[in-house]
Amino acid sequence: MSQQKTSRPKARLPRGFRDRSAGEIAAERALIDTIRKVYESYGFSPLETPAFEYTDALGKFLPDVDRPNEGVFSLKDDDEQWLSLRYDLTAPLARYVAENFQNLPKPFRRYQVGPVWRNEKPGPGRFREFTQFDADTVGSASPAADAELLMMTCDALEALGLKRGEYVVKVNSRKLLDGVLESVGLSPDDFARRGIVLRAIDKLDRLDRKGVEALLGNGRKDESGDFTKGAELQLDQIERVLKFVSVSHFEPDMRTSDWGSNFKFWERDFGNTANGAAGLAELKAITGILKVCEYDAARIRLDPSIIRGLDYYTGPVFEAQLTFPVTNEAGETVVFGSVAGGGRYDDLVARFTGQQVPATGISIGVSRLLTALQSRGLTGDVEPLIVVLSMGDAAQSFAIARELRAAGLRAESYVGTKKIPDQLKYADKRGAALVVMEGEDERANGKITIKDLKRGAEVSKSVESRAEWVGARAGQETVDRGKLVEKVREMLARKG
RNA sequence: GCAGCUGUAGCUCAGUUGGUUAGAGCGCCGGAUUGUGGAUCCGGAGGUCGGUGGUUCGACCCCACCCAGCUGUACCA
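Asks: For this particular structure, what's the right way to read the overall build of chain A?
Replies: What chain A contains, in helices and strands, is 19 helices and 20 strands. Radius of gyration (C-alpha) of chain A: 29 Å, far over the 23 Å computed for a compact globule of 496 residues. Each principal axis of the C-alpha distribution contributes one length, and for chain A these read about 95 × 60 × 55 Å. Looking at chain A residue by residue over its 496 residues, the buried ones come to 44%. Relative to all contacts within chain A whose residues are 6 or more apart in sequence, the contacts with residues 24 or more apart total 67%. Total accessible area on chain A stands at roughly 26100 Å², and carbon and sulfur atoms take up 49% of it. Of the side chains in chain A, 73 bear a positive and 74 a negative charge, and the two mean positions are spaced by 4 Å.

Structure follows, in structure tokens:
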């Protein structure tokens, strides 16, 4: 026996994964339904792809090694080919488009919602399995496609109950930053240093100006003593880069709701570079559309510090942020990061077909958004539950439950083996609204008893002794058997 | 990956300056109460004190290594 003990498995969740129960599921379902309605109203259609893709389709082999990248969950199929769990919904879309190219309408517009997996170290609010909700337009190079996604994101957030000013969708273009770097004298081919600069700018949210300066220069040491290598820029180069991104970050006075003045400022600064000019042209086209459609800078704002993930974005990049404070599980107020992000990726499909297919998309982080919205009381509604106690044979209580279900109510019959007090405890724990009892007494008199658990709980607060509590029969009524459904409806309505 | 902190019952945690049978609360099971959820009381089950090795007459406690978790940081397509 002691041998068996040592081999007993420990009941534990793999780290970075979560169990989710009724309340959260209902809330997520409501959130997804709301977004879905908005996306469908724009003409996007659903697509589902499997959790697994061939690792090379995801582009996730380690450089020069015949083994998948760390960061994805991978396994070898029995034909020796590597499979990986998808880490986002964009790579599977690119594969789908490449595989079905000739049959798809162009532009191809689809939305997809589902879990994605990342094999990384989890942190507070960061998991290895989470849900994303994506919308993409494939096969259009027009800034109209980008502008539409921005407007649709605003509509979705507002459909979820967010007010103007409680969120902001920020736009930038990768080409702008390339223009800045070019004008500063950093070669576009210096990928390593460019990457460090991008990452440093991406950290503006979390670090102060000094920290970002250090990362752009010689490097930075954090509180734990760990050192991060910097981009080795000269002081005047750092100055120019920070001036560009600081439009919205360090100098609130320069934050402008007038898109035009930003453009003038940037044109002077780096409009003469090829990348800079191209980026400005894109953004002007997008903002022109937004203006006419009356999505002003209170909702969608240019922000040069928006960078997003490094690799596949080729033009405009987007990020939606919440502007109100959010309380986390520990009860602390936290600055909530982005709840959606995306951008233009013109080269992804070309990986498969060799032909460039312009594409743009945005992805809502469902799990994160849910956390934020829950603190504002967005919850899914669940039909009240009625528990029928088992007081004779099971068939009897099943019959009552069936009668209630036939009337469109949500009813379950107790299928355990316990006595009445425990059955009531069970109903209580389930959060049931009502309990129905039909024992020998009732049956003999053609009656049935219905108990309102919430009202009973109220009564118990003023009850001292057990005899009194038991005798009170709190919140319950006994009526003619034939009036079951009628009475149940009445009691449910009374609560609401 | 790097750094710091933490591992004792299903959960949250006490505890021993090294000394026989390791504790509490919650939860669970049974009872007081054969058909009434709260409150209260009684009883019970549940632990190789993260693992391995060492020091010692003796280790849950001290030492070394390992493992896991947490926090920060890096990476994050």
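Asks: Can you walk me through the packing of aromatic side chains in this structure?
Replies: Geometrically, a pair of aromatic rings is defined through the distance of the ring centres and the angle of the planes. Under the criterion given, the structure shown has eleven aromatic pairs. Relative to Tyr111, the ring of Tyr39 lies with its centre 6.5 Å away and its plane at 65°, an arrangement referred to as edge-to-face. In this pair, Tyr39 sits in helix 2 (residues 22–41) while Tyr111 sits in strand 5 (residues 108–117), placing the two residues 72 residues apart along the sequence. For the pair formed by Tyr39 and Tyr111, the shared burial category is buried. In this structure an aromatic cluster arises from ring pairing among Phe244, Phe263, Trp266 and Phe270. Positioned over the ring face of Tyr87 is Lys60, at 5.8 Å from the centre of the ring. In this arrangement the basic side chain of Arg351 is found over the ring face of Phe352, its NZ or CZ atom lying 5.1 Å from the centre.

Asks: Sorry, what's going on with the domain arrangement of chain A here?
Replies: Accessible area lost upon the coming together of the parts is a frequently used measure of interface size. Its domain assignment divides chain A into domain 1 (22–374) and domain 2 (385–495). Distance from the C-alpha centre of domain 1 to the C-alpha centre of domain 2: 53 Å.

Asks: Please clarify how the environment of Ala27 should be interpreted in this entry.
Replies: Relative to the assigned elements, Ala27 resides in helix 2. Residue Ala27 is classed as buried on the basis of its relative accessible area of 1%. For the pair Ala27 and Lys264, spaced 237 residues apart in the sequence, the C-alpha separation amounts to 45 Å.

Asks: Even after reading the chapter, I still don't get a positive patch on the surface, so can you show me in this structure?
Replies: A cluster of basic side chains, namely Lys418, Lys425, Lys429 and Arg466, defines a positive patch on the protein surface. The residue Arg466 is located in helix 18 (residues 466–472) in this model.

Asks: Explanation requested: the side chain of Ser363 in the structure shown.
Replies: Here Ser363 shows up in strand 15 (residues 359–365). A polar contact of 2.6 Å, which involves the side chain of Ser363, links it to the side chain of Asp134. Apart from the residues within four sequence positions on either side, Ser363 is in contact with Gln132, Phe133, Asp134, Val339, Ala340 and Gly341.

Asks: Before we go on, may I ask you to explain a nonpolar patch on the surface in this structure?
Replies: A cluster of nonpolar side chains, Val459, Trp469 and Val470, forms an exposed patch at the surface whose accessible area comes to about 210 Å². Structurally, Trp469 can be placed in helix 18.

Asks: Explanation requested: the pairing of strand 17 (residues 410–413) in the structure shown.
Replies: Each regular strand displays side chains that alternate between the two surfaces of the sheet. In this sheet, strand 17 lies alongside strand 16 (residues 385–388) in parallel orientation, the contact comprising four bridges. Along strand 17, the bridge assignment pairs Leu385 with Arg410. Taking the sense of rotation as the criterion, the β-α-β connection linking strand 16, helix 14 (residues 394–406) and strand 17 turns out right-handed.

Asks: Honestly, the sheet that holds strand 4 (residues 82–85) in this entry has me stumped. Any pointers?
Replies: To summarise the sheet geometry, strands pair through backbone hydrogen bonds and adopt either a parallel or an antiparallel arrangement. Overall, antiparallel pairing links the three strands, which are arranged 2-4-3 in an open sheet. A strand with exactly one partner marks an edge of an open sheet, and here the two such strands are strand 2 (52–54) and strand 3 (74–76). Taking the axes of each pair of neighbouring strands and ignoring which way they run, one obtains an average angle of 35° across the sheet. Looking at chain direction, strand 3 and strand 4 are connected through three bridges and run antiparallel. Bridge assignment links Ser74 to a residue of strand 4, and that residue is Ser84.

Asks: I'm lost on the packing of helix 2 against helix 13 (residues 366–374) in this one. Help?
Replies: For any two helices packed against each other, one specifies the crossing angle of their axes together with the interaxial distance. Where helix 2 contacts helix 13, the axes come no closer than 10 Å and their chain directions differ by 105°. Judged by the inter-axis angle, helix 2 sits roughly perpendicular to helix 13. Here helix 2 contributes Glu24, Ala27, Glu28, Leu31 and Ile32 to the contact with helix 13, which in turn contributes Val366, Leu369, Leu370, Leu373 and Gln374. Here the residues of the contact of helix 2 with helix 13 sort into seven nonpolar, one polar and two charged.

Asks: Is there a simple way to explain the sheet that holds strand 18 (residues 434–437) in this structure?
Replies: Here we have five strands laid out as an open sheet, ordered 17-16-18-19-20, and mixed in their pairing. Strand pairing shows two members of the sheet lacking a second neighbour, strand 17 and strand 20 (476–480), which therefore form its edges. Between one strand and the next, the sheet's axes are offset by a mean angle of 25°, whatever the strand orientation. This element, helix 14, spans strand 16, strand 17, strand 18 and strand 19 (447–452) of the sheet and lies at about 170° to strand 17. Against the sheet, helix 17 (residues 453–460) touches strand 18, strand 19 and strand 20, its axis set at about 65° to strand 19.

About the cut-offs
- The numbers attached to residues start from 1 for each chain and follow its sequence in the written order.
- Chain labels run from A onward and ligand labels from 1 onward, assigned in the order the entries are written.
- Only residues with pLDDT of at least 70 get local features here, since the model is predicted, and only at 80 or more are side-chain atom pairs given and counted; chain-wide, interface and lining totals rely on the full set of residues.
- To get the side-chain values, all heavy atoms of the structure are used, and hydrogens and water are removed first.
- Only DSSP runs of H or I reaching four residues or more are called helices, and only runs of E reaching two or more are called strands; each is numbered from the N terminus.
- Atoms counted for the radius of gyration: C-alpha only. Globule rule: 2.2 Å times residue count to the power 0.38.
- The buried label goes to any residue with under 20% of its type's maximum accessible area, the exposed label to any with over 50%, and the partly exposed label to all in between, with areas taken from a 1.4 Å probe on protein chains only.
- Contacts are residue-level and defined by heavy atoms, with any inter-residue pair within 4.5 Å sufficient.
- Surface accessibility follows the Shrake-Rupley procedure with a 1.4 Å probe radius. Residue values consider only the protein chains on display as shielding.
- We count Lys and Arg on the positive side and Asp and Glu on the negative side, and we leave His and both chain ends out.
- Note on charges: their place is set at NZ of Lys, CZ of Arg, CG of Asp or CD of Glu.
- What counts as a ring pair is set by centres within 6.5 Å for rings of Phe, Tyr and Trp (its six-membered ring), and what kind of pair is set by the plane angle: stacked under 30 degrees, edge-to-face over 60, tilted for all other angles.
- The criterion for a charge sitting over a ring is simple: Lys NZ or Arg CZ within 6 Å of the ring centre, and within 35 degrees of the ring normal.
- What counts as a domain boundary in this text is fixed by an automatic or database domain assignment.
- Without a salt bridge and with relative accessible area above 30%, a residue can belong to a patch; like charges are then joined within 9 Å and nonpolar side chains (Val, Leu, Ile, Met, Phe, Trp, Tyr) within 5 Å.
- Any carboxyl oxygen of Asp or Glu within 4 Å of a side-chain nitrogen of Lys or Arg constitutes a salt bridge here.
- In protein, a polar contact requires one atom able to donate a hydrogen and another able to accept it; more generally it is a pair of N or O atoms within 3.5 Å, and residues adjacent in sequence count only if both atoms are side-chain atoms.
- Strands are labelled as partners when DSSP assigns at least two bridges between them.
- Looking down the strands as they point away from you, a crossover is right-handed if its path from the first strand over the helix to the second goes clockwise.
- Axis definition: a line fitted to C-alpha atoms, limited for helices to the stretch in contact. Angles are taken between N-to-C directions and run from 0 to 180 degrees.
- Put simply, angles under 35 degrees are roughly parallel, angles over 145 are roughly antiparallel, angles from 65 to 115 are roughly perpendicular, and the rest are oblique.
- Here the nonpolar group is Ala, Val, Leu, Ile, Met, Phe, Trp, Tyr, Cys and Pro; Asp, Glu, Lys and Arg are the charged ones; every other residue, Gly included, is treated as polar.

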